[in-house]
Amino acid sequence: MIVLKHAKTYEEMSKIAYSFVKEVVTTSPNATLGLATGSTPIGLYKEMIKDYQAGVVSYKNMLSINLDEYVGLPVEHPESYRSFMNNNLFNHIDIDKANTNVPNGLAEDIEKACKDYSAFIASHPIDIQILGIGGNGHIAFNEPGTPFDAITHLVELKEKTRQDNARFFDGDINKVPTHAVTMGLKDIMSAKQIILLASGAGKAEAVRDMVYGKMSPECPASILQSHPNVIVIVDEAAGYYLKA
Ligand code: GLP
């Protein structure tokens, strides 16, 4: 079931999201956090860092599992999702980097690496999963058409997704990797709680289809309708088509 939370601004959206993360982090010091990249969760990560720096919370004994990674980008590349996580969160809190997991987009045997990643998720159940949403309704890199029962897999990115992400690669779509490794929808659905954030007009239609549309692989995020504990937090522009 999807519970909607309406925020006026990006900042308010981030603060509401943090209230859910804080609840988990303060009640379960050994929690497993499912983390996401993209511009949307950056405000949430800032809230997490702020409270950590204030001495309110600690991530010392936590484990994190990220959704996805580009294939072929060196780990040190500033736009790899590993770099993103280090720069926007891990370098600023006390989580042990050895306990942070991001899919390996450079594995020699990608298929095996994917299977191992799903097995790892199954043996470390995610307490709270943070998600953004793509303009075409993708979650992680599960593009439209992805079967609902997919586990971690190699994916060819859609043109729309590469275009959307070109802003991180000097605006040049040719620099955006063509493939990625992503947690599958089945892995994501195994999380105990899911917090999906959406900000800006570019997400409004995808959010509408996720919440009110038919549950179908054409809108991968629509699978969340069948999860028992999902909170969708939208700012005003992303929530344009939603009833209050
Ligand atoms: C990427 C990521 C997704 C993310 C989406 C939206 O494709 N793989 O996990 O939710 O983009 O990104 P943004 O938050 O920058 O709009």
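From a predicted model like this one, the values you see are computed outputs, not experimental measurements. (Residues numbered from 1 in each chain as written. Predicted model: local features only at pLDDT ≥ 70, side-chain atom pairs only at ≥ 80, totals over all residues. Heavy atoms only, no water.)

1. Concerning the packing of aromatic side chains
Applying the stated criterion to the full structure yields 5 aromatic pairs. With 4.8 Å between their ring centres and 45° between their planes, Tyr70 and Tyr81 make a pair best called tilted. Placement of Tyr70 in strand 4 (residues 68–70) and of Tyr81 in helix 3 (residues 81–88) is noted, with a sequence separation of 11 residues between them. Tyr81 shares its class with Tyr70; the two are buried. (Phe/Tyr/Trp six-rings, centres within 6.5 Å; stacked < 30°, edge-to-face > 60°. Helix = DSSP H or I, 4+ residues; strand = E, 2+ residues; numbered from the N terminus. Buried < 20%, exposed > 50% of the residue type's maximum accessible area, 1.4 Å probe, protein only.)

2. Focus: the site of the ligand
In the vicinity of the ligand lie 13 residues, with Ser39, Thr40, Asp68, Arg167 and Lys203 positioned nearest. Separating an oxygen atom of the ligand from a side-chain N or O atom of Thr40 is a distance of 2.4 Å. Asp68 is positioned such that a nitrogen or oxygen atom in its side chain is 2.8 Å from a nitrogen atom of the ligand. Protein contact buries 95% of the 390 Å² of open area that the ligand shows by itself. Split into classes, the residues belonging to the shell around the ligand amount to 4 nonpolar, 6 polar and 3 charged. (Near = heavy atom within 4 Å. Polar contact = N/O pair within 3.5 Å; in protein donor to acceptor, adjacent residues only side chain to side chain. Areas by Shrake-Rupley, 256 points an atom, 1.4 Å probe, with all protein chains shown as cover. Nonpolar A, V, L, I, M, F, W, Y, C, P; charged D, E, K, R; others polar.)

3. Things to note about the sheet that holds strand 2 (residues 32–35)
Strands belonging to one sheet form pairs held by backbone hydrogen bonds; the direction of such a pair is parallel or antiparallel. Read across the open sheet, the 7 strands follow the order 1-10-9-6-2-3-5; overall the sheet is parallel. Here the strands that pair on one side only, and so sit at the sheet edges, are strand 1 (2–6) and strand 5 (100–101). Along the sheet face, helix 4 (residues 110–123) touches strand 3 (63–66) and strand 5 and points at about 140° away from the line of strand 3. (Pairing = 2+ DSSP bridges. Contact = heavy atoms within 4.5 Å. Axes fitted to C-alpha atoms, helices over the stretch in contact; angles between N-to-C directions.)

4. Focus: the pattern of salt bridges
In a structure, side chains of opposite charge can pair up when their charged atoms sit close to one another. Scanning the model with the defined rule gives 9 salt bridges in all. Between Lys50 and Glu47 there is a salt bridge; the shortest N-O distance is 3.5 Å. One end of the pair, Lys50, and the other, Glu47, are both in helix 2 (residues 42–53), 3 residues apart, so they sit about a helical turn from each other. For Lys50, a relative accessible area of 48% gives the class partly exposed. Exposure remark for Glu47: the relative accessible area of 13% places this residue in the buried category. As a salt-bridge pair, Asp116 and Lys112 come within 2.8 Å of each other at their nearest N and O atoms. Placement of the pair is Asp116 and Lys112 together in helix 4, with a separation of 4 residues, close to one helical turn. For Asp116, a relative accessible area of 42% translates into the label partly exposed. (Salt bridge = Lys/Arg side-chain N within 4 Å of Asp/Glu carboxyl O.)

5. Observations regarding the side chain of Glu143
Along the polypeptide, Glu143 turns up in the loop between strand 6 (128–131) and strand 7 (153–156). Put simply, Glu143 is tucked away with no salt bridge, and the nearest opposite charge, on Lys158, sits 6.4 Å away. Reaching out from Glu143, the side chain makes a polar contact with the backbone nitrogen of Lys158 at a distance of 2.9 Å. (Lys, Arg positive; Asp, Glu negative; His and termini not counted.)

Function-wise, these values are silent; they only describe arrangement.
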